Number of protein chains: 2
Amino acid sequence: MARVTRFPDDLVERMPGGDAITLIVLDGVGGLPHPATGLTELESARTPNLDAMAVESSLGMQVPIAPGITPGSGPAHLALFGYDPARYLIGRGVLAALGVGIRLREGDVAARLNLATLDGRGRVTDRRAGRPGNAEGRRLVRRLREGVTAPPGVDLHFQHVMEHRAVMVLRGDGLGAEVSDTDPQRTGVPPRPPGAPDGDAASARTAEAAGRILEQAAEVLAGEPVANGVLARGFAEYRAPPGFARRYGLKAVAVARYPMYRGVARLVGMEAAGIPDSDGEAVELMRAAAGHADFRFFHYKATDSRGEDGDFEGKVGAIEAMDHLLPGLDDGGVVIVTGDHSTPATMAAHSWHAVPLLIRSRRARPTGRRLTENACRRGDLGTIAARHIMSLALAHAGRLAKFGS
Amino acid sequence: MARVTRFPDDLVERMPGGDAITLIVLDGVGGLPHPATGLTELESARTPNLDAMAVESSLGMQVPIAPGITPGSGPAHLALFGYDPARYLIGRGVLAALGVGIRLREGDVAARLNLATLDGRGRVTDRRAGRPGNAEGRRLVRRLREGVTAPPGVDLHFQHVMEHRAVMVLRGDGLGAEVSDTDPQRTGVPPRPPGAPDGDAASARTAEAAGRILEQAAEVLAGEPVANGVLARGFAEYRAPPGFARRYGLKAVAVARYPMYRGVARLVGMEAAGIPDSDGEAVELMRAAAGHADFRFFHYKATDSRGEDGDFEGKVGAIEAMDHLLPGLDDGGVVIVTGDHSTPATMAAHSWHAVPLLIRSRRARPTGRRLTENACRRGDLGTIAARHIMSLALAHAGRLAKFGS
């Protein structure tokens with residue numbers, strides 16, 4: 001038995017070797033019954049491949065954060081990756097920066113920027129500047145990069161994300177991230193100056209530096225016809241949690257079409273395998289990763305998008321489309337299928353409801369025939385916290401030693 | 001209402017009086033389905049007495065330590081006894097010493113010893129010295145006792161356990177137990193010197209003392225034809241958790257045929273009622289204990305042994321044999337039947353899978369007809385942590401007061 005590190009909660013050692021693990025996250029897959037049929041989205045979908053997997057799996061329900069807590073995508077994924085989301089609070093700015101591939105250092109402060117439209121008296125008229133295309137967005141961010149000078153002692157970096165979205169990273173000694181948003185979250189009022197109302201001295205210095213930077217940015221863009229302003233929000237400091245390699249002894253690869261999910265994967269030390277343009281390409285990247293990674297994370301977004309649209313049938317269709325992809329993702333090792341949270345189409349929003357969970361392995365204790373809320377509620381795993389899924393996955397993969405003698 | 005102590009987590013007071021509690025542990029009883037029948041060991045067994053008890057019981061599933069964590073017997077039993085197994089980490093040496101009845105004091109350091117065979121160049125050729133009989137084992141340990149002198153400031157005690165197994169206890173001021181095993185866990189290499197690689201100064205001193213003791217032991221046994229060496233492992237310091245009498249107000253008796261289980265029972269202040277040679281004798285000891293103890297722990301080993309052998313039918317038979325003993329153990333009070341963990345015959349090893357749990361009392365909320373994984377999964381108790389079983393048992397016995405007014 002190789003002593004590597006102890007996991008979790010310092011209880012057990014890991015075993016060398018073991019099966020590979022594939023984690024398939026159907027974003028927002030948990031649902032509520034349709035008023036007309038009494039069936040949830042998962043119950044309404046035709047999913048022959050998931051059904052075949054379910055009969056060989058341990059089933060259960062998982063609570064992303066805690067009862068009644070509706071998670072954002074960042075903490076929900078951290079929990080799926082086995083980290084206590086209440087301990088590792090990761091701000092939006094950091095996730096955005098990691099998502100576009102910026103290599104953050106401990107202590108860096110990042111914020112999300114929106115290119116915005118202001119009127120002649122400096123009031124916000126469009127928080128997204130008419131959603132510029134990517135080429136236009138990149139041009140505007142290039143202007144910021146060329147025209148804005150960092151305050152003394154601060155290294156500054158702007159990077160375009162997508163459409164009107166960009167990210168700003170401040171690097172320097174003694175920065176803090178208790179900095180308030182400049183985005184007023186509505187139109188008809190001017191951007192707010194960044195402040196540190198409850199913050200420490202480091203955050204106050206950072207707010208002052210950010211204020212100087214954003215003033216210059218406004219000056220640089222003032223003559224633009226549409227995107228003549230910048231709004232900042234989600235100031236966050238980068239503190240890396242222990243990565244997958246050290247914590248679990250796993251070489252981990254992430255395949256996600258959206259930057260944010262690549263960001264949260266990079267945060268825990270996963271390698272992001274390319275930027276897939278289609279689900280088919282994403283599956284190909286997963287198959288390629290199987291050769292050199294023993295943990296593969298696959299993120300599927302459409303279930304959440306249709307749920308947020310309030311499009312019940314669309315979400316059912318997204319589940320069925322995912323079912324077609326499933327055989328291409330199954331390499332015979334341990335497979336986990338779950339969501340990061342529920343996004344019931346009847347609510348058109350993320351929710352706190354528990355999420356169906358399936359762990360397929362040769363060490364499973366099968367109890368049901370489908371990955372649905374009703375079948376999983378009766379499953380062998382019971383209702384568990386999402387952050388315990390990784391220990392179960394490692395156990396099912398034969399990767400954990402015994403606790404005590 | 002008598003204020004005695006508060007339990008659990010300082011929430012409620014205990015009530016005077018109440019029913020007696022019998023805890024029957026079928027070691028490793030949880031299982032996985034047989035590939036040919038789809039039935040687990042419990043589902044395959046004919047258990048008329050357990051079935052009759054189940055219809056009068058609250059049923060549930062219990063997780064020994066945490067999701068995905070496979071327990072050894074020590075922490076699994078501590079959890080059944082209501083102690084957080086992550087807080088009370090009890091090493092193998094301490095359990096072995098308590099198992100053979102050594103009265104440890106706080107701060108004592110104990111280690112398990114194996115009598116072993118070394119070749120002419122000091123390399124281990126048999127880690128168990130051909131499994132000597134008990135008389136031979138006792139003779140060899142007597143030689144150690146007579147021939148080895150403790151280093152200054154240390155009281156030393158050797159005791160035989162069973163066959164090739166012995167235990168060594170060091171007593172003195174400022175001892176530590178972060179001492180590495182000398183047992184190399186394989187043949188063809190010499191024993192390792194004891195060290196304290198990550199340890200404190202106290203452990204380093206203890207490692208040095210242990211090294212001098214083991215060198216003398218090797219000298220004493222050098223001329224023996226077979227058992228000419230000693231291997232040490234599982235160095236552990238004794239820190240007593242609060243006992244059953246203080247924590248629960250219970251006078252507790254343990255009946256177990258194997259020393260280790262008597263050891264973990266003594267650790268929490270139970271009296272070990274003799275050393276039964278057969279299951280029939282064990283049942284007689286339980287019946288005798290009923291007169292003077294209000295908590296009776298009965299340990300049944302065969303289920304685990306057959307599970308570890310990978311002998312599905314043998315484990316089924318062990319369950320059926322236990323079922324015959326059950327009426328002799330039931331005195332009409334609260335009866336708990338469960339396992340310390342699962343040992344699926346299909347895995348031939350301990351596992352992390354949840355364990356069926358039955359609490360029979362006149363305050364039960366019955367839901368099913370059998371003590372099986374499937375019936376208990378649907379039971380009233382849900383899926384709980386093993387360390388909550390004791391509060392449920394005390395409640396069912398009418399021994400806990402109300403929390404708040």
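Data block above holds the structure.
My aim in this report is to walk through the structure given alongside it, one point at a time. (Residues numbered from 1 in each chain as written. Chains lettered and ligands numbered in written order. Predicted model: local features only at pLDDT ≥ 70, side-chain atom pairs only at ≥ 80, totals over all residues. Heavy atoms only, no water.)

**Side note on the overall build of chain A**
Right, on to step 1. Per the secondary structure count, chain A includes 13 helices and 15 strands.
Right, on to step 2. A compact globule built from 405 residues would reach a C-alpha radius of gyration of about 22 Å, and chain A, at 22 Å, matches this within 12%.
Right, on to step 3. Dimensions of chain A, computed from the C-alpha atoms along their principal axes, are close to 65 × 55 × 40 Å.
Right, on to step 4. Within chain A, the fraction of its 405 residues that count as buried is 56%.
Right, on to step 5. Summarising the internal contacts of chain A: among those between residues at least 6 apart in sequence, 74% fall at separations of at least 24.
Right, on to step 6. A gap of 3 Å separates the mean positions of the 49 positive and 47 negative side-chain charges of chain A. (Helix = DSSP H or I, 4+ residues; strand = E, 2+ residues; numbered from the N terminus. Rg over C-alpha atoms; globule rule 2.2 N^0.38 Å. Buried < 20%, exposed > 50% of the residue type's maximum accessible area, 1.4 Å probe, protein only. Contact = heavy atoms within 4.5 Å. Lys, Arg positive; Asp, Glu negative; His and termini not counted. Charge placed at Lys NZ, Arg CZ, Asp CG, Glu CD.)

**A look at the side chain of asparagine 114 of chain B**
Residue and element names in this part refer to chain B.
Right, on to step 1. Within the secondary structure layout, asparagine 114 lies in strand 5 (residues 109-118).
Right, on to step 2. Of note is the side chain of asparagine 114, whose polar atom sits 3.4 Å from the side chain of arginine 112.
Right, on to step 3. Engagement of the side chain of asparagine 114 in a polar contact is seen with the backbone oxygen of arginine 127, the distance being 3.0 Å.
Right, on to step 4. If sequence neighbours within four positions are ignored, asparagine 114 has contacts with Arg127, Arg128, His164, Arg165, Asp183, Gly229, Val230, Leu231 and Arg233. (Polar contact = N/O pair within 3.5 Å; in protein donor to acceptor, adjacent residues only side chain to side chain.)

**Some words on the relation of the copies chain B and chain A**
Right, on to step 1. Least-squares fitting of chain B to chain A yields an RMSD of 0.2 Å, with the superposition described by an axial translation of 0.6 Å and a rotation of 124°. The superposition operator between the copies reduces to a three-fold rotation axis. Taking C-alpha positions as reference, the residue of chain B nearest the rotation axis is arginine 378 of chain B, located at 4.0 Å. (Least-squares fit on C-alpha atoms with pLDDT ≥ 70 in both.)

**Brief notes about the nonpolar core**
Right, on to step 1. In terms of nonpolar packing, the biggest core is built from 56 residues, with Phe81, Phe244, Met270 and Phe295 of chain A touching the most fellow members.
Right, on to step 2. Among the elements that take part in this core, helix 13 (residues 389-396) of chain A stands out by supplying six residues, more than any other.
Right, on to step 3. Residue contacts for phenylalanine 81 of chain A: discarding those within four places in its chain leaves Leu23, Phe244, Tyr248, Val264, Ala265, Val268, Met270, Phe297 and Met390 of chain A.
Right, on to step 4. Core analysis: the second largest hydrophobic core is formed by 47 residues, Leu98, Ala110, Val268 and Leu381 of chain B among them. (Core = buried A, V, L, I, M, F, W, Y, C linked by side-chain atoms within 4.5 Å.)

**Re the packing of aromatic side chains**
All names here are of chain A.
Right, on to step 1. This model, assessed by the stated rule, comprises twelve aromatic pairs over all chains.
Right, on to step 2. Note on phenylalanine 81 and phenylalanine 244: the rings are 6.0 Å apart at their centroids and 90° apart in plane angle, and the pair reads as edge-to-face. Of the two residues, phenylalanine 81 is situated in the loop between helix 3 (73-80) and helix 4 (92-99) and phenylalanine 244 in helix 7 (residues 244-248); the sequence distance between them amounts to 163 residues.
Right, on to step 3. Assessed through its relative accessible area of 1%, phenylalanine 244 is described here as buried. (Phe/Tyr/Trp six-rings, centres within 6.5 Å; stacked < 30°, edge-to-face > 60°.)

**With respect to the pattern of salt bridges**
Side chains that differ in sign of charge can pair as their charged atoms come close.
Right, on to step 1. Taken as a whole and assessed by the stated rule, the structure comprises 51 salt bridges over all chains.
Right, on to step 2. A salt bridge links lysine 301 of chain A to aspartate 304 of chain A; its shortest N-O distance comes to 3.3 Å. Here the two residues lysine 301 of chain A and aspartate 304 of chain A agree in accessibility, since each one is buried.
Right, on to step 3. Across the salt bridge formed by glutamate 271 of chain B and lysine 251 of chain B, the nearest N and O atoms sit 3.4 Å from each other. With glutamate 271 of chain B in strand 11 (residues 271-272) and lysine 251 of chain B in the loop between helix 7 (244-248) and strand 10 (252-255), the pair connects residues that are 20 residues apart, well separated along the chain.
Right, on to step 4. On the accessibility criterion, glutamate 271 of chain B (36% relative accessible area) is partly exposed.
Right, on to step 5. What makes lysine 251 of chain B partly exposed here is its relative accessible area of 39%.
Right, on to step 6. Residues joined by salt bridges that share partners form a network here, namely Glu136, Arg139, Arg143 and Glu224 of chain A. (Salt bridge = Lys/Arg side-chain N within 4 Å of Asp/Glu carboxyl O.)

**Observations regarding helix 4 of chain A**
Residue and element names in this part refer to chain A.
Right, on to step 1. Burial of helix 4 is extensive: seven of the eight residues sit out of reach of the surface.
Right, on to step 2. Contacts from the buried residues of helix 4 go to helix 3, strand 5 (109-118), strand 8 (165-171), strand 9 (229-237) and helix 8 (259-267).
Right, on to step 3. Where helix 4 ends, the next residue or the one after it, glycine 101, has phi of about 90°, a positive value.

**Some thoughts on unusual backbone geometry**
The bulk of non-glycine residues show a negative phi, and the bulk of peptide bonds are trans.
Right, on to step 1. Despite not being glycine, glutamate 163 of chain A shows a phi value in the positive range, around 50°.
Right, on to step 2. Within the secondary structure, glutamate 163 of chain A sits in the loop between strand 7 (155-162) and strand 8.
Right, on to step 3. The class of glutamate 163 of chain A is partly exposed, set by a relative accessible area of 28%.
Right, on to step 4. Here the phi dihedral of arginine 131 of chain B falls at roughly 45°; this positive angle occurs in a residue that is not glycine.
Right, on to step 5. For arginine 131 of chain B, the location among the structural elements is in the loop between strand 6 (124-126) and helix 5 (134-147).
Right, on to step 6. By relative accessible area, arginine 131 of chain B is classed as partly exposed at 46%.

**Points about helix 9 (residues 279-289) of chain B**
Residues and elements named next belong to chain B.
Right, on to step 1. Inspection of helix 9 places Ala282, Val283, Met286 and Ala289 among the buried residues, and these make up the whole buried set. The arc that holds the buried residues of helix 9, viewed along the axis, is 120°, so those residues lie on one side.
Right, on to step 2. Summarising the contacts, the buried residues of helix 9 are in contact with strand 3 (21-26), strand 10, strand 12 (295-300) and helix 11 (312-329). (Arc of directions from axis to C-beta.)

**Observations concerning the interface of chain B and chain A**
In many reports, interface size means the accessible area that the parts give up when they come together.
Right, on to step 1. Between chain B and chain A, the contact holds 29 residues from the first and 23 residues from the second.
Right, on to step 2. With both sides pooled, the region where chain B packs onto chain A buries about 2000 Å², and carbon together with sulfur makes up 64% of that total.
Right, on to step 3. The three residues of chain B that bury the most area against chain A are Pro67, Trp352 and Arg377 of chain B, which together make up 29% of that side's buried surface.
Right, on to step 4. In this assembly, chain B and chain A are joined by one salt bridge.
Right, on to step 5. Between aspartate 380 of chain A and arginine 377 of chain B there is a salt bridge, with its nearest N and O atoms 2.7 Å apart.
Right, on to step 6. At the junction of chain B with chain A, the criterion picks out eight residue pairs in polar contact (both at pLDDT 80 or more).
Right, on to step 7. Those elements that provide at least two residues to the side of chain B that touches chain A are helix 3 (73-80) and helix 12 (373-377) of chain B.
Right, on to step 8. No other element matches helix 3 of chain B, which puts three residues into the side of chain B that touches chain A. (Buried area = accessible area lost by both parts, 1.4 Å probe.)

**Some thoughts on the layout of surface pockets**
Residues and elements named next belong to chain A.
Right, on to step 1. Put simply, the second largest pocket is a space of about 850 Å³.
Right, on to step 2. Along its surface, the second largest pocket is lined by 29 residues, and Arg92, Arg165, Met260, Tyr261 and Lys301 are the ones closest to its centre.
Right, on to step 3. Within the residue set of the lining of the second largest pocket, elements represented by two or more residues are helix 3, helix 4, strand 5, strand 7, helix 8 and helix 10 (302-308).
Right, on to step 4. In terms of residue count, the dominant contributor to the lining of the second largest pocket is helix 4 (four residues).
Right, on to step 5. The residue makeup of the lining of the second largest pocket, split by class, is ten nonpolar, nine polar and ten charged. (1 Å grid on protein atoms, 1.4 Å probe; cavity = no way out; pocket = protein on both sides within 12 Å on 5 of 7 lines; lining within 4 Å. Points joined across faces, edges and corners; volume = space filled by probe spheres on them. Nonpolar A, V, L, I, M, F, W, Y, C, P; charged D, E, K, R; others polar.)

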